[in-house]
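# Chains, contacts and geometry: an overview
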Amino acid sequence: MPNEQTEKLWLAITLAGKGYATWSAAHGMSEYFSTVLCELYINPGQSQRQLIDHTGYPKQSVNKAVKQLRDQGYLTVSVDPQDNRVKVCTLTPAGRKLAKEELAPLFRIEERTAKQFGDDKMNQLVHLAEEWSQLFWKSLRREEDEK
């Protein structure tokens, strides 16, 4: 049975995630598509494995988003010269333009929210959320290893 604090945290995380899903749907994108687009815009030149790790989406969802972006001319996939098994995903100039235009409203919402929250609280939130996430995943992996 969760305690009151973990229940509140679960609800806050769930509602924030639902907010991003709602925003994506309202802008005609699947959540995994907008997340991959955003991730490649903010952190260019990632492998599909990195996209899977950074977004938390299944391989199939990331592959589908990569394929959609590539088929629409917004993304190129190239072989990493250091390791020919790794495919690097890079937004094309048209893809960067799409991301900038499509994601701008989301970035404005995030910036407005962060400004209302204040720098100190934002720094605290980011630090604590990162720490929580790392500890949570460590516990989750430990539980799966024990099975």
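These remarks concern the structure in this document. These numbers come from a predicted model, not from an experiment.

### Some details on the overall build of the protein
Of the regular secondary structure elements, the protein holds 6 helices and 3 strands. Based on the C-alpha atoms only, the size of the protein along its principal axes is roughly 50 × 40 × 25 Å. Classification of the 147 residues of the protein by burial places 23% in the buried group. Counting contacts in the protein only where the partners sit at least 6 residues apart, residues at least 24 apart contribute 50% of the total. Just so you have it, the protein exposes about 10,900 Å², and 55% of that area is on carbon and sulfur atoms. Here the protein contributes 20 positive and 20 negative side-chain charges, whose respective centroids are spaced 6 Å apart.

### Brief notes about the side chain of Thr55
For Thr55, the location among the structural elements is in helix 3 (residues 48–55). A polar contact of 2.7 Å, which involves the side chain of Thr55, links it to the backbone oxygen of Leu51. Excluding residues within four positions of it along the chain, Thr55 makes contact with Thr35, Glu39 and Val62.

### Some words on the state of the cysteines
Per the counting criterion, the structure on display carries 0 disulfides. For the unlinked cysteine Cys38, the closest cysteine sulfur is that of Cys89, found at 15 Å. On the basis of relative accessible area, Cys38 is assigned to the buried category, the value being 15%. Look at Cys89 and you get buried, because its relative accessible area is 0%.

### A closer look at helix 2 (residues 31–42)
Look at helix 2: 16 Å from first C-alpha to last across 12 residues, which is about the 16 Å you get at 1.5 Å a residue. If you check which residues of helix 2 are buried, you get Tyr32, Phe33, Ser34, Val36, Leu37, Cys38, Glu39 and Leu40.

### Looking at the pairing of strand 2 (residues 75–80)
Judged from the 6 bridges that link them, strand 2 and strand 3 (residues 83–91) form a sheet pairing that is antiparallel. Bridge pairing in strand 3 places Ser78 opposite Val88. Taking the residues between adjacent antiparallel strands as the criterion, strand 2 and strand 3 are bridged by 2 residues.

### Describing the side chain of Asp80
Mapped onto the fold, Asp80 is located in strand 2. There is a polar contact of 2.8 Å between the side chain of Asp80 and the backbone nitrogen of Gln82.

What counts, and where the lines are drawn
- Residues numbered from 1 in each chain as written.
- Predicted model: local features only at pLDDT ≥ 70, side-chain atom pairs only at ≥ 80, totals over all residues.
- Heavy atoms only, no water.
- Helix = DSSP H or I, 4+ residues; strand = E, 2+ residues; numbered from the N terminus.
- Buried < 20%, exposed > 50% of the residue type's maximum accessible area, 1.4 Å probe, protein only.
- Contact = heavy atoms within 4.5 Å.
- Areas by Shrake-Rupley, 256 points an atom, 1.4 Å probe, with all protein chains shown as cover.
- Lys, Arg positive; Asp, Glu negative; His and termini not counted.
- Charge placed at Lys NZ, Arg CZ, Asp CG, Glu CD.
- Polar contact = N/O pair within 3.5 Å; in protein donor to acceptor, adjacent residues only side chain to side chain.
- Disulfide = S-S within 2.5 Å.
- Expected span 1.5 Å × (residues − 1).
- Pairing = 2+ DSSP bridges.

By themselves, these are just geometric observations and shouldn't be taken as functional.
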